[in-house]
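Coordinate inspection notes
Below are the chains, spelled out letter by letter.
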Amino acid sequence: MSDNNVEKEAGPPQESSPVVDSQEPEKRKREYKDFGHEEEGPTHAKVDMEKIQLKAEDLYDKEKVDLETIVVDDVFKLLQTDENGLTTEEAQRRLEIFGPNRLEAEEQNPFLQFLSFMWNPLSWVMEAAALVAIALSNGEGRAPDWEDFVGIVLLLFINSAIGFYEERNAGNAVKALMDSLAPKAKVKRDGKWQEIESAELVPGDMISFKIGDIVPADSRLTEAINVSIDQAALTGESLPQSKKTGDQCFSGSTCKQGEAEGVVISTGPNTFFGRAASLVGQDDDTTGHLQKILAQIGSFCLVAIGIFVIAEIFVLYAGFRYRYRRGLDNILVLLIGGIPIAMPTVLSVTLAVGAQQLAKYKAIVTRITAIEELAAVTILCSDKTGTLTTNKLTIDRNTVRTYGPFSAEDVILLAAYASRTENQDAIDQCVVGALGDTARARAGIKLLDFKPFNPVDKRTEITYREEATGKLKRVTKGMTGIIIELCTRNKTEEIENRLEADVEEFAQRGLRALAVAYEEVDGDDPEGEGNGFELIGLLAIFDPPREDTKQTIDDAMALGVKVKMVTGDQLAIAKETGRRLGLGDHMYPAKVLKEGPSPDSKFRSLDDMILDADGFAGVFPEHKYEIVKRLQGLGHLCAMTGDGANDAPALSRANVGIAVEGATDAARGAADIVLTEPGLSTIVHAIRGSRIIFQRMRNYSIYACAVTIRIVVCFAILAFAFKFDFPPFMILIVALLNDGTIMTLSVDRVLPSSTPDSWDLAEIFAYAVAYGIYLTLSTIALVAIAIRTTWFFDAFGVTLTNGATSAAGNHNDPQLHMVVYLQVAIISQALIFITRSHSFFFMERPSFALMFAFGLAQLVSSIIAAYGDWGFTQIHSISGGWIGIVWVWNIVWFLPLDLVKFGMKATIIKYLRERHIKALAKETAEGIVCPSFVAQHARLGLVKRCPSGLRSCNDSAASRQHALAPRSLVTPLELLRQHRQCSVIDDPAPYAFTFSLNFMISQDSMQQPGVQHSLFVPLSRNFPPLVVAYTWIPTRLSVSAFTVSC
């Protein structure tokens, strides 16, 4: 039928066999195990129904009774109702007991919410500095320090406003879920049908709905006429579900076909929909990941400031007998200069710029701090239906089976004839859509009779006249068992065996089988008998992956992000989709999340099973939520993608929730990033972009902490050693100029890491202390020479106030204050070029914006030094000679900073990393360990306990490909663990294993391509974790053999 003018010859009719023996055994009845839900029979209440009270505590306690599965008669008894519905009075009484059929959102006082953002270590120091400036600075005839006070308070309010704005969006998810509920409902009250607000429904009400209606509450059907319900947004099932009397319908699902009546069994928060809404934000730590990091950095600064403030109080007041205001000015210098006042603002601007960059890829960021968390994500959990797949049923052309003289294309065309072209259901739409040009479904034929699908016959049928030949023909398509029973022409033992095997194969792969049969009709009567149906083909229907999904998954894995499928669809479908996408088919049904691993399982705990799995199927919203929560409990930062209301709880719980294009309002409201174009490739762009942004934030954090140490230690030592009283206002000028320049880091040129990033605060603080102490020495040396010697005068002829050749007579010379200001301002800003680079600072070109801002800030600082002569602070302009000296001095001290960085990497940083690995080894000493790219340890290769004893195998089968990110860390056990057919050695303790891995480097290698290498690694419980670093940086590892011996 590829060509409508070509007539295919039907197969011969089935020959009847002569009866030989009347006692011949009856032919076995075949069972075509077509794909679909396994139906469970109805149950009965587990307790005496007379003891169940009409209240939520009893009705929704599944240990006592499960209203979703018990027989409908028991439902009526428990709910004390009948098919005539409730009376108005009884409905009102139950409304008081069960509450309205809607989701309640808890309102938070906005003023208290705003104030909460001023309660953290960074804010505490800022608030303390403001208090000192305005309240404690009164005295000795001097006015309060209004300049410092206004600047500090302004920055404090800006930072709090940003956090307040973000958190006010937290209720969006629940609001969207509420809006998704049906606003009106048709209910039988007082024996009459009437329309009411769905919020007034109560358990026991009789409701009615038809095609196009939203189911207003969870209900059990008492009457169903050809009903098909789309509940993909709730359960993740890709196909509309046929419903019959006794079946349950979920609140918020949509009736796609037929009409039904039912009894309401649960409303509001007790519905399937309501339980999903209650999980959104549940157990959610309102303090975000970035806020926690800022709190720790703030605590570091607070401790540093506190130590030296206490030291100054004792030394300056008790030791030097300073007057109140003089000592307070010194303390204020530490408070203003020590805290990185603008850190939240700088990081927020960096994230906001990143959000604008992601918007170019059609990704809307609704919570900008999610960008920072995305950089550290190690596991991406993804819904299947509508996310990894298109949520549009498709004919799989590669698996079409033919049984007659027709080709696969002919079978598809004939199946399209037997489909509606208007008012189509999902099956008809996918069959006709397979033609490409839908007009072909009626081209060259004249429709004479059409029988649509119904739940009794379970097939469609068309009788048509072929215009080219004038012959009448008939085609039918439908469930396999129904169609084969109609066939008489080629229903042989061989054909039935093939068909049974094909249907079973489809079922195992999660493909829905659609059988097609064909016959010719003699004469001109469309209702006349045909010459007998002939089975001509079997179509496989599935929900195909999006075009870019496989590439996206491959790219994510190359970036060190493990992808897991978490779907409400069935296990067979999940496995088939996993195989097609390269995710693997190591998946489990949802029941394991409740029951845990079996006693004979290789997994020690449910956490091990979740960590090992490629995905889970048949999950409900609470299951998705639990999976994400457990992975986070194992130390992973998780991203979650989804599109339906059933994904909303997990999207909300995940560190980064991503709603794909076409997602429901509930999913978008719970998500942190919303994609506005089809496809998932934007996620990879977002991961790379977030890692660029993370590098910028890390560079700034090292810089900010180093400046804190530099200011606090430097000016405390100057006060102790020389009674040097630096003006607080000039520290504020240094801070403002620095932060104005550093703001351009938000667009700096950096390279993203190839593995998930993490905030290693120990390294950040170590670098900060080293840089801070070095810069402190540069300033102390300058001041010491200016006070103790006349070297600057002797060498360069420069003088201080009143022509003094040194500051020996006045340690607080106003011009010396200006010299120190300029020296601190220049070299502090120059430090950013050291912190932003991994090699020599001149090897990594900064952005033009950063260079321009740095140059402008230094120009302003030099102008202030040359012309600043302000009466309200103790400074005085200096000569050009002094400005030149300070510039040369800073250049001389700046150049060795790279050596400080390299020295830290070779000593302190190396020690911290080795100590970290040893600590992990100690924690997992009781079990064999394997690596896991976990957020906070990704760069080190976190070593975690394997879910079982060592798997033993000797595999010389076909090579297995393992993608490795550049410079990734891997253990032999990780590769071995990926081999699914290894046997398990239950107790590896007494043995010392030797692992032999034969591998070939296929590209990107300093070795010769194609050369085989072997690694022999002893493994024992007595050995520390073994991490093999592939220093030649392979991008693809081809494993040709596994060998384990003991």
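In the annotation of an unreviewed UniProt entry, the chain is listed under the name Plasma membrane ATPase and assigned to Somion occarium. For the chain, the Function (unreviewed entry) comment in UniProt is given as "The plasma membrane ATPase of plants and fungi is a hydrogen ion pump. The proton gradient it generates drives the active transport of nutrients by H(+)-symport. The resulting external acidification and/or internal alkinization may mediate growth responses." The UniProt entry for the chain carries the following text under Sequence similarities (unreviewed entry): "Belongs to the cation transport ATPase (P-type) (TC 3.A.3) family. Type IIIA subfamily."

A look at the side chain of Asp614
Of note, Asp614 is situated in the loop between helix 22 (606-612) and strand 19 (615-617). Of note is the side chain of Asp614, whose polar atom sits 3.1 Å from the side chain of Lys562.

Some remarks on empty space enclosed by the protein
For the coordinates displayed, the defined rule picks out six cavities of 30 Å³ or more. A volume near 180 Å³ is recorded for the largest cavity. Mapped by element, the contributors of at least two residues to the lining of the largest cavity are helix 11 (324-338), helix 26 (681-722) and helix 27 (728-742). Residue composition of the lining of the largest cavity, by class: twelve nonpolar, four polar and one charged.

Considering the pairing of strand 7 (residues 254-266)
Here strand 3 (residues 206-210) runs beside strand 7; their pairing, made up of five bridges, is antiparallel. For Ile207, the partnering residue across the bridge sits in strand 7 and is Gly262. When strand 4 (residues 218-230) meets strand 7, the two strands line up antiparallel, connected through ten bridges. Of the residues in strand 7, the one forming a bridge with Asp218 is Ser266.

A closer look at the pattern of salt bridges
Within the structure shown, the criterion is met by 37 salt bridges. For Asp569, the salt bridge goes to Lys384, with nearest N and O atoms at 3.1 Å. Of this pair, Asp569 sits in the loop between strand 17 (562-566) and helix 20 (571-581) while Lys384 sits in helix 14 (residues 384-388), and the two are 185 residues apart along the sequence. According to the relative accessible area criterion, Asp569 is buried, its value standing at 2%. The closest approach of N and O atoms between Arg509 and Glu505, which form a salt bridge, is 3.4 Å. Judged by its relative accessible area of 22%, Arg509 is partly exposed.

Examining the packing of aromatic side chains
Aromatic ring pairs: the centre-centre distance and the angle between the two ring planes describe each pair. Per the stated rule, a full pass over the model turns up 23 aromatic pairs. Measuring from ring centre to ring centre gives 5.5 Å for Phe840 and Phe842, while their planes differ by 15°; the resulting arrangement is stacked. On the basis of relative accessibility, which here comes to 34%, the residue Phe840 falls in the partly exposed class. By relative accessible area, Phe842 is classed as exposed at 56%.

Structural notes on a negative patch on the surface
On the surface, Asp82, Glu83, Glu223 and Glu259 cluster together into a negatively charged patch. Summarising the element assignment, Asp82 is placed in the loop between helix 2 (72-79) and helix 3 (88-98). A relative accessible area of 39% places Asp82 in the partly exposed class.

A word on the pairing of strand 16 (residues 534-542)
Burial analysis of strand 16 places nine of its nine residues in the buried class, which makes it a mostly covered element. Across seven bridges, the pairing between strand 15 (residues 512-521) and strand 16 is antiparallel. The residue bridging Ala517 from the neighbouring strand is Leu535, located in strand 16.

Details of the environment of Trp882
Summarising the element assignment, Trp882 is placed in helix 33 (residues 880-894). Residue class for Trp882 comes out buried when judged on its relative accessible area of 2%. On a C-alpha basis, the gap between Trp882 and Phe792 in space is 8.8 Å, while along the polypeptide they are 90 residues apart. Those residues in contact with Trp882 that lie beyond four places of it in its chain are Phe792, Val798, Thr799, Leu800 and Val819.

Details of the nonpolar core
Nonpolar side chains tend toward joint burial in soluble globular proteins. Among the nonpolar cores identified, the biggest contains 146 residues, and Tyr700, Phe715 and Tyr821 are the most heavily contacted of them. Looking at this core, the element that brings in the most residues is helix 26, giving 22 residues. Here Phe715 is in contact with Glu312, Val333, Leu334, Phe724, Phe726, Ile731, Val820 and Val824, once residues within four sequence places are set aside. Core analysis: the next-biggest nonpolar cluster, separate from the first, contains 32 residues, Val566, Ala590, Ala654 and Ala666 among them.

So, how was this worked out
- Residues numbered from 1 in each chain as written.
- Predicted model: local features only at pLDDT ≥ 70, side-chain atom pairs only at ≥ 80, totals over all residues.
- Heavy atoms only, no water.
- UniProt positions renumbered as here; feature names shortened; annotations may be inferred.
- Helix = DSSP H or I, 4+ residues; strand = E, 2+ residues; numbered from the N terminus.
- Polar contact = N/O pair within 3.5 Å; in protein donor to acceptor, adjacent residues only side chain to side chain.
- 1 Å grid on protein atoms, 1.4 Å probe; cavity = no way out; pocket = protein on both sides within 12 Å on 5 of 7 lines; lining within 4 Å.
- Points joined across faces, edges and corners; volume = space filled by probe spheres on them.
- Nonpolar A, V, L, I, M, F, W, Y, C, P; charged D, E, K, R; others polar.
- Pairing = 2+ DSSP bridges.
- Salt bridge = Lys/Arg side-chain N within 4 Å of Asp/Glu carboxyl O.
- Buried < 20%, exposed > 50% of the residue type's maximum accessible area, 1.4 Å probe, protein only.
- Phe/Tyr/Trp six-rings, centres within 6.5 Å; stacked < 30°, edge-to-face > 60°.
- Patch = residues over 30% accessible without salt bridge, like charges linked within 9 Å, V, L, I, M, F, W, Y side chains within 5 Å.
- Areas by Shrake-Rupley, 256 points an atom, 1.4 Å probe, with all protein chains shown as cover.
- Lys, Arg positive; Asp, Glu negative; His and termini not counted.
- Charge placed at Lys NZ, Arg CZ, Asp CG, Glu CD.
- Contact = heavy atoms within 4.5 Å.
- Core = buried A, V, L, I, M, F, W, Y, C linked by side-chain atoms within 4.5 Å.

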